[in-house]
Structures are given as structure tokens and as C-alpha cells.
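Here are the chains, one letter per residue:
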Amino acid sequence: MSIRPNAILEVDALERRFDVSAPWLNRLIERKPRQTLRAVDGVDFTIQRGQTLALVGESGCGKSTIAKLVTGLHPPSGGKIRFHGDRDRLQMIFQDPFASLNPRWRVARIIAEPLRTLRPDTPLDQVSARVEDLLRTVGLAPADGLKFPHEFSGGQRQRISIARALAGEPEFLVCDEPTSALDVSVQAQVLNLMKKLQKEMGLTYLFISHDLSVVRHMADVIAVMYLGRIVEIQPTADLFANPLHPYTQLLLDTIPDLEAPKRDRSPMAGEVPSPVSPPSGCSFHPRCPRAFDRCKQERPQRRPEVHNRRVACFAAETTLERIPHV
Amino acid sequence: MSDVVLDVQNLRVEFPTRKGTLTAVDGISLQIRRGEVLGMVGESGAGKSMTGMSILGLLEPPGRIAAGSIHLSGDRIDTLDDRAMQTIRGRRIGAIFQDPLTSLNPLFRVGDQLVETIRLHTSLDKAQARERAKDLMREVGIPAVEERIDNYPHQFSGGMRQRIVIALALCAEPELIVADEPTTALDVSIQAQITALLKRLCRERGTAVMLVTHDMGVIAETADRVAVMYAGRLAEVGTVDDVVRHPKHPYTVGLMGSIPSLRKDVEELQMIPGSMPRLNAIPPGCAFNPRCMRAGPRCHREVPRIATEQSGAACWLGTQGGVA
């Protein structure tokens, strides 16, 4: 795979397995086998500089594991992550603003931490000037730097997390469910801030969320994940106008729509199977209304060469071929 | 009005603390009729769960009901002692909470938990109660009931566990179900299954449901009427259609505008500046006035109330005298 022009991150056949076996003694006495969980199972995607790629999916589909692999918090078990940028300029924003800030540190120290780590020779007065700047950038007052995290609300804490991430002058931000712990009116403030910063600083986002309406608002390209695999990837407008994979269609169909509530819906039955023992072939086939024999035996091709418009589904592939590739 | 199941009048919940008394719920009045789903929405800390807990008689001390009344089908229940309340909970009011793992006992088989609850509230014998438990499990959509009835809670998925909790709430055919964030811990495709189930049960059995959630989408699909709470007070009450499509209170208008749309493209989401005041710092007059674009002098002086119990907004806008 050659470097695509303007790509900042290329992920190629990425895999991550976790050992979820019973303890050694149990395996010996109860003759339990070793078990591995394929959290990420052959994932390919490319992010263009200055764009937002969103990973969506239900819990356990592997989206947060990808965030940890991209930031280097977990080593991959297979495949490649190629980051065409400065590794020091990759930062992360976490979901829980109550757990991700040190409760014993003042806000100014929290925000200055990346500066002190990445550029330890910065003079102190410059550090504090920068912290004040950052606090203003995210809509807080410079005086807030003297307070402790517990003095802030959830939305304000998430602003502090963003300021901390910006301190290292990042070009690439991995945002793992940055607003799902926030109330909607506060979520709007944080999402608007993130969009504004992206425009002003030319940031690239890998945005992870389970909320399709948030993702629609934020992303240029959306990748839908199911049991460790990307089942469909399309530019945002196309995905919503013309979802190809039956799972994407199911997701879009089940989210409550304020403008057109489906009050007499008959929701699709079934649940996400355990990733420890995923179904054979296409892992969605037990729930799929369009599944046929081939889906039970054969796994749909990955086709990594088509980077932002593909669907991993035998039934939908024929539909896709009629749409010109980008 | 004999079909009113729940009638709450001027409910006030207070928490005495060392630094003074906090008012978590401030003068709330609402009614739910037979077969009706009332949605309670609001941000965290708005007092929606406190209202639900007061109805269930499960307020954690030092929290207490300081004023107002709660009637269940004509019987006053807020003045009952703990023992009397215990027989009402389960038999006449069912409860469903957010986390199905903590509402089930992990050490007992789900069937035994159902049988225990059924026998506590009815005069069925053990075998009959077990048959009834199986019927209930079938009704809430659990497959292979004969095998599943002897499983432990950890052997069920989150969605299936929440179904068991709903079955538990239904054991004694209660008149009212208080469901506090029943789908928040679940994924969207499971969430749709659970809300559809709640709605069906409510329609078929005529149970009144109080659905507490922060998710406006769930309300739009499930509830008949909505009550929007802000800083312990009711901001707006009305039918789902009215509140979602034609919100009147500036807070509800802002709340609706801040939800990203699935259909429209907007460059910037509408925002409500600031955040909800803490309970110890509620401003005089309308609690929303510091964040309101249209606040006038009157909003800083007088607390607006909703004129009727069925619909309306607690806002001086559009009333006689206006905000001036």
C-alpha cells in the first residue's frame, strides 16, 4: 500500500487479540481451553489531513481498542499503523472527564503537563502564558487555572481535557466518546468548540462514538464497525442517504429520530454475539435479513484498496458496483 | 377523573446539609393516567430521578419530602411509613432502574427471584408461581424460557437482564411503573427493543408509566406526554408533539436546538450558554434567567409557574405583563 497523498494516518489489516482464558490452574483442572478475543480483526482505513473519520458501533465492537492502538496505549497483534506526522503531536481526549484529570493537581498544572514533558526547556513564564492562552481558547477564564478539577462541571472538565490535548500543539487528535458523559446542551458546546478548533488549527480527528447523530454532525467519513471489523465505510452524506450494509441500515433504522419518531416500530430482534466466539463467515449473518448460504461460510473481502467507500457484504456488493468509486 | 393513577401536587424535596437546606425538587405537580407514558426529561441534577424516588418512597436520608402530596389511585402514599410503603412498592408501583446488574441478586437464579417476588405479592403456591414466572418471561420476550429460568443473572446479556427486571416489576401487575433511565446502559438496537416492550405492556395492561430519561429521542418515540425539568422545577409540560415540535420555554427551545439532527446539516449547533446552576446557587426568580436570551426584570424577581397541570411552560414570556 503506497502512501496516499495527504493521508496522515493509514491503518492496514490491523488486529488486536486479547487472551481471555481462565486462570492457569482452572485450565489445568477443569480442562478449559485457551480463549482469545479478537477485539480488532483486520481493520483498514485512511484519514486525510484536516478531516474527521468517525468510528461508530455498539459496545464491544472494538472502536475504543482502535483508539488505544492508534495512540500506542496497546501494541497491535498484527497489521500496521502508519502515522505520517510527528508522533509527539498526537493527543487523545477521553470519555470520562471525571477520571481523566488528576484530582490533586490544579488545572494549570494539568494543562501544562504535555508542555513540560514534550518541551521541558520552555521557560516558566512562557508556560504560564501558554496555559492562559489555552484556557481562553476553550472558553474558560485564565483564573480557572488555579482551581481544582472538582470545582468544574462535566462540560468544563471536558474543555480542560481539550486544552490539555492542545497544549502539545497536536495535529492529530484521537477522541474516544468525548461527549457521551455530557448532557445534550453541554455536548453542543463541546462539539461546536471542537469543530471551531479543527477549522482554525487544521486538526485531524479520529472520532469515536456510538451516537450516529453526533457522528453525522462531526465526521467527513464514517466507518461502521461490527464485532471487530469495519462493515461499511462511506463519506457521511452518502452513508446517511444510501446505507449499504444491512447492519448500517439496522442502526439507522433503530435510532430514535426526533423529527420523525417511529412510534409504532417493530424493532429488529437479536443481539450482538460474543466476540469470543463470533459466528462463522460474515459475523452479522445470524441477524441479517438478507443473509444467504455464502454468508455463513465465507467472510466478505476486506478490499483495503478502496479507502473511503466500501461495504463488506455479499448482498450489498452488487449495489455498490453501480456507484462510481472515489 | 377516576383514571388518574398518579397525582403529584406541589412536591418539594429537601436535603438539609450543614451549609443550609438544598431544594432538589421545588413545587412539582403532575398527573399520569391509566395506560399513559409520561416522559421526564432534564439534565443531570435537574431533579428528575429525585421525583421518581419520592414516588417510590426511596429517598435517601437526609432527603425528605418537605411539602406537597402524592396520591396513587386516590390513596395518599407520601405520608406512609417504610413498612406500608414496602407493600406498595412491588405490588402497586413497579420500579425499573438504569443498571440491570445491580437490580438483580447475582447469587440467585432469575426464576427463583421471580417466584419469590410473585409469592410475596400474591397467594399463588410455588408451582403456580413458577408457571407465572415463565409466562412473564415469555411476555417480556425471553427465548427458551424453560432453560433460561434456572440461569443466573450473569448468564444473561444486558438487554436480557433488563427484560428480567421488567418482568420483576410486572409480577404483581402494578398500577404504575417508575422506569429510571431504563435504556441508558444499553446499545441502540437493544434500546429500541426495550422501549417497544415497555410501550406494548403499557398499552395492553393499562399500566401508567413514568419514564425518566435524559434522551429526548427515547421520549419522542415512547411517551405520550413530556415534563421537562430544570433546576428542580418543571420548565414545561405538554404532549410529545407540542414539546418536541413547538417548544415554548426558552430552555426547551435551546435543548431541542442543541441535539444534532439526523436530517438537517448545520454548521454550528445551537448552544445554551453556561450550565445549570448548582442547587446551592439557584438564582432568584426564574432559575433559567442567567442563561436566557429573553429574560426581563420580572424573570429576576418572580418564579414563573405552569398555569395548568396538563400543558404549558413556566415562563413569563407570552403571559400577561410579559417579562418586564
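The rules we used
- Residues numbered from 1 in each chain as written.
- Chains lettered and ligands numbered in written order.
- Predicted model: local features only at pLDDT ≥ 70, side-chain atom pairs only at ≥ 80, totals over all residues.
- Helix = DSSP H or I, 4+ residues; strand = E, 2+ residues; numbered from the N terminus.
- Rg over C-alpha atoms; globule rule 2.2 N^0.38 Å.
- Contact = placed C-beta atoms within 7 Å.
- Nonpolar A, V, L, I, M, F, W, Y, C, P; charged D, E, K, R; others polar.
- Core = buried A, V, L, I, M, F, W, Y, C linked by C-beta atoms within 7 Å.
- Buried ≥ 20, exposed ≤ 12 C-beta atoms within 10 Å, placed from the backbone.
- Pairing = 2+ DSSP bridges.
- Axes fitted to C-alpha atoms, helices over the stretch in contact; angles between N-to-C directions.
- Parallel < 35°, antiparallel > 145°, perpendicular 65-115°, else oblique.
- Left-handed = near helix turned anticlockwise from the far one by under 90°.
- pLDDT = per-residue confidence, 0-100.

### Notes on the overall build of chain A
Next up, step 1: The helix and strand inventory of chain A stands at 11 helices and 10 strands.
Next up, step 2: Relative to the compact-globule value of 20 Å for 326 residues, chain A shows a C-alpha radius of gyration of 21 Å, a close match.
Next up, step 3: The principal-axis extents of the C-alpha atoms in chain A amount to approximately 70 × 55 × 45 Å.
Next up, step 4: Counting contacts in chain A only where the partners sit at least 6 residues apart, residues at least 24 apart contribute 68% of the total.

### Concerning the interface of chain A and chain B
Next up, step 1: Chain A puts 31 residues into the contact, and the matching count from chain B is 32 residues.
Next up, step 2: Listed by contribution, the elements that provide at least two residues to the side of chain A that touches chain B are α6 (184-201), α7 (212-218) and α9 (246-254) of chain A.
Next up, step 3: Among the elements that take part in the side of chain A that touches chain B, α6(A) stands out by supplying 7 residues, more than any other.
Next up, step 4: Residue composition of the side of chain A that touches chain B, grouped by class: 13 nonpolar, 9 polar and 9 charged.

### A few points about the nonpolar core
Next up, step 1: Membership of the largest hydrophobic core comes to 181 residues, with the highest contact counts inside it found for A:Ile111, A:Val224, A:Val231, B:Leu176, B:Met210 and B:Tyr230.
Next up, step 2: No other element matches helix α7 (residues 158-170) of chain B, which puts 8 residues into this core.
Next up, step 3: Aside from chain neighbours lying at most four places away, what touches A:Ile111 is A:Val131, A:Leu134, A:Ile160, A:Ala163, A:Arg164 and A:Ala167.

### A short note on the sheet that holds strand β2 (residues 36-48) of chain A
Residue and element names in this part refer to chain A.
Next up, step 1: Strand order across the open sheet formed by 3 strands is β2-β1-β4, with antiparallel pairing between neighbours. Sheet topology places β2 and β4 (78-83) at the edges, where each strand pairs with a single neighbour. Going across the sheet, the axis of each strand differs from the next one's by a mean of 15°, ignoring polarity.
Next up, step 2: Relative to β4, strand β1 (residues 7-19) is paired through 5 bridges, and the arrangement is antiparallel. Its bridge partner lying in β4, Val11 is registered against Ile81.
Next up, step 3: Across the sheet, helix α2 (residues 63-71) lies against β1, β2 and β4, angled at about 65° from β2, the strand it touches most.

### Let's talk about α2(A)
Next up, step 1: Listing the buried residues of α2(A) in full gives A:Lys63, A:Thr65, A:Ile66, A:Ala67, A:Leu69 and A:Val70.
Next up, step 2: Within two residues after α2(A), A:Gly72 carries a phi angle of roughly 85°, on the positive side.

### Section: the pairing of strand β9 (residues 225-230) of chain B
Residues and elements named next belong to chain B.
Next up, step 1: Most of β9 sits out of view: 6 of its 6 residues are buried.
Next up, step 2: Covered by surrounding structure in β9 are Arg225, Ala227 and Met229 together with Val226, Val228 and Tyr230, the residues of both alternating faces.
Next up, step 3: Of the pairings in the sheet, the one linking strand β3 (residues 37-41) to β9 comprises 4 bridges and is parallel in character. What sits directly across from Leu38, in β9, is Arg225.

### Some thoughts on unusual backbone geometry
Residue and element names in this part refer to chain B.
Next up, step 1: For the bond from Pro61 to Pro62, the omega torsion is 10°, close enough to zero to count as cis.
Next up, step 2: Of note, the phi angle at Asn10 is positive, near 45°, even though the residue is not glycine.
Next up, step 3: If you trace the backbone, Asn10 turns up in strand β1 (residues 4-17).

### Examining the packing of helix α4 (residues 124-137) of chain A against helix α5 (residues 154-167) of chain A
All names here are of chain A.
Next up, step 1: Closest axis-to-axis distance for the α4/α5 pair is 9 Å, and the angle between their directions is 130°. Considered as vectors, α4 and α5 are oriented oblique to each other. Along this stretch, α4 crosses α5, giving a crossing that reads as right-handed. For the pair α4 and α5, the contacting residues are Arg130, Leu134, Leu135 and Thr137 in the first and Ala163, Leu166 and Ala167 in the second.
Next up, step 2: Residues belonging to the contact of α4 with α5 are distributed by class as follows: 5 nonpolar, 1 polar and 1 charged.

### Focus on the sheet that holds strand β6 (residues 172-176) of chain A
All names here are of chain A.
Next up, step 1: On the basis of which strands lie adjacent, the open sheet formed by 7 strands has the order β5-β6-β7-β3-β8-β9-β10 and mixed pairing. Since the sheet does not close on itself, it has two edges, and those belong to β5 (90-93) and β10 (310-311), each with one partner.
Next up, step 2: Relative to strand β7 (residues 204-209), strand β3 (residues 52-56) runs parallel, the two sharing 5 bridges. Within β7, the residue paired with Ala54 across the bridge is Phe207.

### Notes on the pairing of β5(A)
All names here are of chain A.
Next up, step 1: A two-sided burial pattern is seen for β5, the buried positions comprising Leu90 and Met92 on one face and Gln91 and Ile93 on the other.
Next up, step 2: By the bridge criterion, 4 bridges tie β5 to β6 in an arrangement that is parallel. Within the sheet, the bridge partner assigned to Gln91 lies in β6 and is Leu173.

### Considerations on the confidence of the model for chain B
Next up, step 1: Counting all residues, the mean pLDDT for chain B is 89, and 99% of those residues have values of 70 or more.
Next up, step 2: The ipTM value of the predicted complex is 0.81, and its pTM value is 0.85.

### Quick word on the environment of B:Gly312
All names here are of chain B.
Next up, step 1: Inspection of the secondary structure puts Gly312 in strand β11 (residues 312-313).
Next up, step 2: Each C-alpha atom of the pair Gly312 and Phe108 lies 47 Å from the other, and the pair is 204 residues apart in sequence.
Next up, step 3: Setting aside anything within four residues of it in sequence, one finds Gly312 in contact with Val237, Ile306 and Ala307.

### Here's the deal with the packing of α7(B) against helix α8 (residues 188-205) of chain B
Residue and element names in this part refer to chain B.
Next up, step 1: Running from amino to carboxyl end, α7 crosses α8 at an angle of 15°, the nearest separation of the two axes being 10 Å. The angle between α7 and α8 places the two elements in the roughly parallel class. Once α7 is placed against α8, the crossing between them reads as right-handed. Across the interface between the two elements, Gly158, Gly159, Gln162, Ile166 and Leu170 of α7 pack against Ile190, Gln193, Ile194, Leu197 and Leu201 of α8.
Next up, step 2: Among the residues forming the contact of α7 with α8, the class breakdown is 6 nonpolar, 4 polar and no charged.

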